[in-house]
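Overview (structure and organization)
Residue strings, one per chain:
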Amino acid sequence: YIICVCVEAVVSTQSTGEKRTEKGQTQAGVEKKSVKEEGKLAKEGKTTKGARKKTDKPVSRPKRQPKQTEEPFDMRKLSDFYPVRRSKRQPLSKLKDRESQELREKIESKCSDGLEIRQIEGKGRGVFSTRHFPRKSFVVEYSGTLISFEEAKRREAEYALQPDKFGCYMYYFSFKNKKYCVDGTAEDGTLGRLLNHSINGNVETKLVDVNSAPVLILVAKTDIPPNTELCYDYGERSKDVIDSHPWLTS
């Protein structure tokens, strides 16, 4: 009987120890599992204490508007106080091109605007202005037949044989080192050939190049008012010619 009791006591003691050991191991496992879960929550931005999560949206604050200040006076543009006036000036080259084009058109159209023929007592026909001609402005072309110097001399000798039929309408000049003449003897209805002579004339001759050919025109020497006879210096200084035409000295 005594032996049986001791064995039972030992068995009961061992079973109790095993229970304790199993209970201890179970609690340790629970504590280890809880530690792992806390680490995982920490990586995900979560805490077991209910702190703010990482995925929560941040609190939005209204943006501060910059303070608007009045622009300093010295930083303003002059156009803020005075209107801008655009210049209508054109380059000199452009103005010359336009003037050349206008002159070419007047020559090609045989322009004689502002002129009329009037009879002058003791002088015959004369050309008068009907409007104002500014200084250096185009008046009229000295129109006629452009011929060589040699041909002009031949015609001049022929005209001299019949002075009552032919007048003196030959104008000699040089162009690019070559002598030419404009023969305006024929009545063609143009007015340039009818301007009378005067040493102190109010117009003068000018040569212009049109399509590589010389053209003789008359331009205003001074400002010419309306109702003024237009005259120019024929440039004849030969003694024999002056003796034959004494009016060339006036």
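Rules used in this analysis
Residues numbered from 1 in each chain as written. Predicted model: local features only at pLDDT ≥ 70, side-chain atom pairs only at ≥ 80, totals over all residues. Heavy atoms only, no water. Helix = DSSP H or I, 4+ residues; strand = E, 2+ residues; numbered from the N terminus. Contact = heavy atoms within 4.5 Å. Areas by Shrake-Rupley, 256 points an atom, 1.4 Å probe, with all protein chains shown as cover. Buried < 20%, exposed > 50% of the residue type's maximum accessible area, 1.4 Å probe, protein only. Pairing = 2+ DSSP bridges. Axes fitted to C-alpha atoms, helices over the stretch in contact; angles between N-to-C directions. pLDDT = per-residue confidence, 0-100. Polar contact = N/O pair within 3.5 Å; in protein donor to acceptor, adjacent residues only side chain to side chain.

What follows is about the overall build of the chain. Looking only at helices and strands, the chain features 4 helices and 10 strands. Put simply, the chain runs from its N terminus to its C terminus through helices and strands in the order α-α-β-β-β-β-α-β-β-β-β-β-β-α. Once local pairs closer than 6 in sequence are excluded, the contacts in the chain between residues at least 24 apart make up 62%. Roughly 20100 Å² of accessible area belongs to the chain as shown, and the carbon and sulfur atoms make up 52% of that amount.

Let us look at unusual backbone geometry. Within the chain, lysine 136 stands out as a residue other than glycine whose phi angle is a positive 70°. Among the structural elements, lysine 136 can be located in the loop between β2 (124-129) and β3 (138-141). Of the residues examined, lysine 136 reaches a relative accessible area of 61% and is grouped as exposed. With a phi angle near 65°, serine 212 is a residue other than glycine that sits in the positive phi range. With respect to the helices and strands, serine 212 occurs in the loop between β8 (203-210) and β9 (213-220).

Attention shifts here to the sheet that holds strand β5 (residues 170-174). Read from one edge to the other, the open sheet built from 3 strands follows the order β4-β6-β5, with strand pairing classed as antiparallel. In this open sheet, the two strands that pair with only one neighbour each are β4 (145-148) and β5. Strand-to-strand twist across the sheet, computed as the mean angle between neighbouring axes with direction ignored, equals 30°. Each of β4, β5 and β6 (179-183) touches helix α3 (residues 149-160); the most contacted strand, β4, lies at about 110° to it.

Right, let's talk about the confidence of the model for the chain for a bit. Summarising the model, the chain shows a mean pLDDT of 76, and 62% of its residues fall at 70 or more. Element-level pLDDT for the chain is lowest in helix α1 (residues 2-43), with a mean of 50, against a maximum mean of 96 in β3. Confidence drops under a pLDDT of 50 for residues 1-26, and excluding neighbours within four residues, the segment shows 0 contacts in the predicted structure. Scored below 50 in pLDDT, residues 46-53 makes 5 contacts in the model with residues more than four places away or belonging to other chains.

Attention now goes to the side chain of asparagine 202. Relative to the elements of secondary structure, asparagine 202 occurs in the loop between β7 (196-197) and β8. Judged by relative accessible area, which is 14%, asparagine 202 ranks as buried. In this structure the side chain of asparagine 202 is engaged in a polar contact, spanning 2.9 Å, whose partner is the backbone oxygen of glutamate 229. For asparagine 202, the side chain forms a polar contact with the main-chain nitrogen of cysteine 231, separated by 3.0 Å. Residues in contact with asparagine 202, not counting those within four places in the same chain, are Val219, Ala220, Lys221, Thr222, Ile224, Thr228, Glu229, Leu230 and Cys231.

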